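# Observations on the model geometry
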Amino acid sequence: MASIYILIFNKIFSRLNRPEIPFSERHKPCTLWHMRNNSLLVACIFFLLCGVVESLVARHVSPDLQYRLTILICLTSGTALTLLAWSNNRTQFWTAVRAGWPLLVFAMLAIASTAWSIMPQSTFLASLALTFFTLACISLVALSDWRSLLKGITLACLMIGVLSLLLIPVGGLMTEVHEGALRGPFSEKNRAGMVYAIGAVASGGLAFTARKARWLLPIPFFLVLLILSQSGTSTIACALGLAALGYGELLRGKSSRLVLGVWAGALGAIGIFSLVILNAEVILDALGEDSTFTGRDRIWPAVWWRIMESPLLGYGYDAYWRDGSYGMAWLWYEAGFEVYNAHNGWLETVLAVGLIGALLLTWVIMRTGIAGLTGLYAHNDPRRIAIPMVTMIFMMSLTESAIGGPEGPAWLLLLLISTASALKERQKHAKKSVYSDEIIAKVQT
């Protein structure tokens, strides 16, 4: 990890005296590194920010170090990447910041929640980590293009997958609840399942956008790991993501085909939903789940009851589940067992920062989905990959606290693709504006 930061700071200081970029060239993506180097940078940062290092330290050294290490990694990664992106191309960096404004507003809301938090110190530290985590993602997008992002994410997930297999003899399998499920370097199987699902969809997206079939080869590897993890939510999310990816590739290009395809997809989704409802018990048994969703039917009503007491602002960012919180003790009593999160990203967000925060995340997901639909019209526009990504993340958020941060693979992916989609749109408009100014100047001369 230290070598990564040394490399980043060396690049920063070597580029501080870089000449200013001409206005007509500002719309172009950054060229500090070639795509291969950008992909390696993305892979290293994704590996760091999805929680691998702190989970291993907590398991093999001390659980008390996990939270502190998460904050340290977020602070150092955010600082290093922000300085690197700013020194490389300031215009590109500020464009990325403007593209990620809803995420920054969400981080500021988390900081502001310290004022009404039931655990102010925990809220302040977690919101600080969230802010630098967000800056790291925005800066990483400013330094990369879509293909390098997808390639880096795929490489990171491959590294985690190989590491998961190597760790099987030394704690890589669950031993208490869900005995025998593959958890790899993480503390539980669901986060591992998220990484494997993300790797499968990112690999497929890279194969289609880069038009290189060899990137389809990692998908079976990720699917095997997903089955070994016994993560039902991630399995369903991965299936939906891959289905959306393939369906989008069939429809893209022609508007008439796209409109008919959307209607057919909506009807198909309704049919599949009805089939799932009618055969819920069979499907749950096949996925290794029960009708209570592993006790979630007792967690969600208890969380909802607490939300109704403070729906607008919540109880403070990342404060409700900290040691010493009266809310967590009350939920343990109501659920009848120990629980450490809401097991629903939307309930978790409202519990932390209220309906205001949930509305911000809703806007982020809707904006990203719309950008993905726009990308289906263009020729090989990588923004179309946002559709399967958002589909997968939304599914994960329904039964896991996958969004809202301050860290985690699904949250990390959402920040990257939402910022990248908005940045691509801004670059497109900026490019048109520059060309229009050049045409006007030629006409006048």
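Summarised in this report is the structure supplied together with it.

Scoring rules and cut-offs
- Residues numbered from 1 in each chain as written.
- Predicted model: local features only at pLDDT ≥ 70, side-chain atom pairs only at ≥ 80, totals over all residues.
- Heavy atoms only, no water.
- Helix = DSSP H or I, 4+ residues; strand = E, 2+ residues; numbered from the N terminus.
- Buried < 20%, exposed > 50% of the residue type's maximum accessible area, 1.4 Å probe, protein only.
- Contact = heavy atoms within 4.5 Å.
- Areas by Shrake-Rupley, 256 points an atom, 1.4 Å probe, with all protein chains shown as cover.
- Salt bridge = Lys/Arg side-chain N within 4 Å of Asp/Glu carboxyl O.
- Core = buried A, V, L, I, M, F, W, Y, C linked by side-chain atoms within 4.5 Å.
- Patch = residues over 30% accessible without salt bridge, like charges linked within 9 Å, V, L, I, M, F, W, Y side chains within 5 Å.
- Lys, Arg positive; Asp, Glu negative; His and termini not counted.
- Charge placed at Lys NZ, Arg CZ, Asp CG, Glu CD.

Let us look at the overall build of the protein. Scanning the protein from N- to C-terminus turns up 18 helices and zero strands. Here the protein holds 445 residues, and the buried ones make up 51% of them. Taking the intrachain contacts of the protein between residues at least 6 apart in sequence as the baseline, contacts between residues at least 24 apart amount to 76%. Counting only carbon and sulfur atoms, one obtains 68% of the accessible surface of the protein, whose full area is about 20300 Å².

As a further point, take the pattern of salt bridges. In the structure shown here, the tally under the stated rule is five salt bridges. A salt bridge links E407 to R191, with the nearest nitrogen and oxygen atoms 2.9 Å apart. Of this pair, E407 sits in the loop between α17 (386–399) and α18 (409–444) while R191 sits in helix α9 (residues 189–210); the two residues are 216 residues apart in sequence, bridging distant segments of the chain. Relative accessible area serves as the criterion here: at 18%, E407 is assigned to the buried category. R322 is paired through a salt bridge with D318; the nearest N and O atoms lie 2.5 Å apart. Taking relative accessible area as the criterion, R322 reaches 24% and is therefore assigned partly exposed.

Before going further, it helps to spend a moment on the side chain of S139. In this fold, S139 is placed in helix α7 (residues 120–142). Under the relative-accessibility criterion, S139 is labelled buried at 0%. What S139 contacts, discounting residues up to four positions off in sequence, is L81, T82, A85 and F93.

Along the chain, R90 turns up in helix α5 (residues 90–99). Classification of R90 as partly exposed rests on a relative accessible area of 37%. On a C-alpha basis, the gap between R90 and A142 in space is 9.5 Å, while along the polypeptide they are 52 residues apart.

With that settled, consider the nonpolar core. In terms of nonpolar packing, the biggest core is built from 96 residues, with F46, I153, M389, M392, M396, W411 and L416 touching the most fellow members. Tallying contributions element by element places α9 first for this core, with 12 residues. Every residue in contact with W411, bar those within four places of it in the chain, is listed here: F106, L130, F133, L361, A402, I403, G404, G405 and P406. A302, A335, V350 and L351 belong to the second-largest nonpolar core, a separate cluster that totals 16 residues.

For the rest of this paragraph, the subject is unusual backbone geometry. Notably, R211 is not glycine yet its phi reads approximately 55°, a positive angle. In this structure, R211 sits in the loop between α9 and α10 (218–229). Residue classification places R211 among the exposed positions, given a relative accessible area of 51%. Located in the positive-phi region is H343, a residue other than glycine, with phi close to 55°. Position of H343 relative to the elements: it lies in the loop between α15 (326–335) and α16 (345–377). Given the relative accessible area of 18%, H343 is considered buried.

Another point: a positive patch on the surface. A surface patch of positive charge is lined by R147, R211, K212, R214 and K424. Note on placement: K424 falls in helix α18. Residue K424 is classed as partly exposed on the basis of its relative accessible area, which comes to 31%.

As for its position among the elements, L331 is in helix α15. The class of L331 is buried, set by a relative accessible area of 2%. Between the alpha carbons of L331 and W321 there is a distance of 9.6 Å; along the sequence they are 10 residues apart. Residues within four places of L331 in sequence aside, it is in contact with A302, V303, Y320 and W321.

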